[in-house]
Amino acid sequence: YRRRMPEAPSRTIVRTATVDDAREIAVVQVETWRSAYADLMPEALLRRMDVDRNAERRAETWVQRHRDERVVDLVAERDGEVVGWASVGPTDQDDLPGHGQLFAIYALARTWSSGVGHALMAAAEASLRDAGFDRACLYVLDGNDRAAGFYERHGWREDGHTWIDERFGYGGVPVPLLERRRIRDLAETP
């Protein structure tokens, strides 16, 4: 008689992404948007998202985007599969000179609450610190309570600034998205 041992949980490995990860990053972004934003964005917009187009555009702009060595893309892997992605670099916010920014952090829905997001956040914050940033910002879609709670637990606090993001749309019509800014002192422990 052999007693079956419980399977060990998969370990999350976070590493710096390369252009060769463009397709996997696109999969993570598209699948996560469809899961996380299902009740926050028009279904037509989410349905229109295309992994191949996203991956192609990402690969084409990779070198240009990473000319500044402070811009870093990270991927989280479990058992060799990319299950999360984060992107950091200097902010483009005129009112926050010298700040870094967490531009994106996504984990596949099946990995939520399993440590992938935490591992990505820790690596993203470390990358920002390594790039010389003492403070950073991020934006979260209004109504995305799950993400807002995650950021709050990691020490990111709303600063009252909002932004209407009109970069996305379908059928030639932009879909305005209200985003709320959060700030983090990277020297503080959450």
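Conventions adopted
Starting from 1, residues in each chain are numbered consecutively following that chain's sequence as written. In keeping with the model being predicted, local features are shown solely for residues with a pLDDT of at least 70 and side-chain atom pairs are shown and tallied solely at 80 or more, while totals for entire chains, interfaces and linings include all residues. Each side-chain value is worked out from all heavy atoms of the structure, with water and hydrogens disregarded. Here an axis means a line fitted to C-alpha atoms, over the contact stretch when the element is a helix, while the angle between two N-to-C directions is reported on a 0 to 180 degree scale. Strands are runs of DSSP state E lasting at least two residues, helices are runs of H or I lasting at least four, and both sets are numbered from the N terminus onward. By the definition adopted for this analysis, an angle is roughly parallel if under 35 degrees, roughly antiparallel if over 145, roughly perpendicular if from 65 to 115, and oblique otherwise. Crossings are assigned a handedness: left-handed for a near helix turned anticlockwise from the far helix by less than a right angle, right-handed for a clockwise turn. When checking whether two residues touch, look at their non-hydrogen atoms; a contact exists if any pair is within 4.5 Å. When residue character is reported, Ala, Val, Leu, Ile, Met, Phe, Trp, Tyr, Cys and Pro are called nonpolar, Asp, Glu, Lys and Arg charged, and the others, Gly included, polar. Here's how the labels work: a residue is buried when its accessible area is under 20% of the maximum for its type, exposed when over 50%, partly exposed in between, all with a 1.4 Å probe on protein chains only. For two strands to pair, DSSP has to find at least two bridges joining them. With the strands aimed away from the viewer, a crossover counts as right-handed if its path from the first strand over the helix to the second runs clockwise. Ring pairs shown here join Phe, Tyr and Trp side chains whose ring centres sit within 6.5 Å, with only the six-membered ring taken for Trp; geometry is labelled stacked below 30 degrees between planes, edge-to-face above 60, and tilted in between. Whether a charge sits over a ring comes down to the Lys NZ or Arg CZ being within 6 Å of the ring centre and within 35 degrees of the ring normal. Think of it this way: the bend at a residue is just the angle between two axes, each fitted to seven residues, one set ending at that residue and the other starting at it. Under the rule applied, a polar contact is a pair of N or O atoms within 3.5 Å (in protein, one hydrogen donor and one hydrogen acceptor; residues adjacent in sequence only if both atoms are side-chain atoms). Per-residue confidence from the predictor is reported as pLDDT, a score between 0 and 100. What is meant by a nonpolar core is a set of buried Ala, Val, Leu, Ile, Met, Phe, Trp, Tyr and Cys residues, joined one to another through side-chain atoms within 4.5 Å. Basic side-chain nitrogens of Lys or Arg form a salt bridge, by our definition, when they fall within 4 Å of a carboxyl oxygen of Asp or Glu.

Chemist: I would appreciate a short explanation of the packing of helix H1 (residues 22–36) against helix H3 (residues 51–65) in the present structure.
Modeler: What describes two packed helices is the angle between their axes and the distance between those same axes. Between H1 and H3, the least distance of the axes is 8 Å, while the angle of their chain directions is 130°. Classed by the angle they form, the pair H1 and H3 counts as oblique. Both H1 and H3 take part in a crossing whose hand is right-handed. Here Ala22, Arg23, Ile25, Ala26, Val27, Gln29 and Val30 of H1 come into contact with H3, specifically with Val51, Asp52, Asn54, Ala55, Arg58, Ala59 and Trp62. Per-class residue counts for the contact of H1 with H3 are 9 nonpolar, 2 polar and 3 charged.

Chemist: Sorry, what's going on with the pairing of strand S5 (residues 135–141) here?
Modeler: Regular strands have side chains that alternate between both faces of the sheet. Counting buried residues along S5, 6 of its 7 residues qualify, which places the element largely inside the surrounding structure. As judged from the 3 bridges shared by strand S4 (residues 100–107) and S5, these two strands associate in the parallel manner. Within the sheet, the bridge partner assigned to Gln101 lies in S5 and is Cys137. The parallel pair S4 and S5, bridged by helix H4 (residues 116–130), forms a crossover whose chirality is right-handed. Bridge count between S5 and strand S9 (residues 177–185): 7 bridges; the pairing is antiparallel. Bridging from a neighbouring strand, Leu138 pairs with Arg182 of S9.

Chemist: Help me understand the packing of aromatic side chains in this model?
Modeler: Aromatic rings considered in pairs are described by the distance between their centres and by the relative angle of their planes. A full pass over the atoms with the stated rule returns 4 aromatic pairs. The ring of Trp85 is capped by Arg58, whose NZ or CZ atom sits 4.6 Å from the centre of that ring.

Chemist: How should I be thinking about H3 in this particular structure?
Modeler: Along an α-helix, residues three or four apart share an orientation, since each turn contains 3.6 residues. Along H3, the helix axis deviates most sharply at Ala59, where the bend reaches about 30°. Taken residue by residue, H3 has Val51, Asn54, Ala55, Arg58 and Trp62 as its buried positions. The residue sitting at the N-terminus of H3 and contributing the capping side-chain oxygen is Asp50; that oxygen lies 3.2 Å from the backbone nitrogen of Asp52.

Chemist: Can you help me understand the confidence of the model for the protein in this one?
Modeler: Detail in the predicted coordinates should be disregarded across regions flagged by low pLDDT. Overall, the prediction assigns the protein a mean pLDDT of 91, with 93% of residues at 70 or greater. Element-level pLDDT for the protein is lowest in strand S7 (residues 169–170), with a mean of 66, against a maximum mean of 98 in S4.

Chemist: How do you make sense of the nonpolar core when you look at a structure like this?
Modeler: Side chains of nonpolar character tend, in soluble globular proteins, to be buried together. One finds Met41, Leu102, Ile105 and Tyr151 to be the most contacted residues of the largest nonpolar core, which totals 46 residues. Filtering out sequence-adjacent residues up to four positions away, Ile105 remains in contact with Trp85, Ala86, Gly117, Leu120, Met121, Phe150 and Tyr151.

Chemist: Honestly, the pattern of salt bridges in this entry has me stumped. Any pointers?
Modeler: A side chain of one charge can pair with a side chain of the opposite charge when the charged atoms of the two come close. Counting across every chain of the model gives 15 salt bridges. For Arg15, the salt bridge goes to Glu77, with nearest N and O atoms at 3.0 Å. Within this pair, whereas Arg15 is found in strand S1 (residues 12–16), its partner Glu77 is found in strand S2 (residues 72–78), the two being separated by 62 residues in sequence. Where Arg70 meets Asp68, a salt bridge forms, and the shortest distance between an N and an O atom there is 2.7 Å. Using a relative accessible area of 25% as the deciding quantity, one classes Asp68 as partly exposed. If you follow the salt bridges from partner to partner, you end up with Glu152, Arg157, Glu158 and Arg182 in one network.

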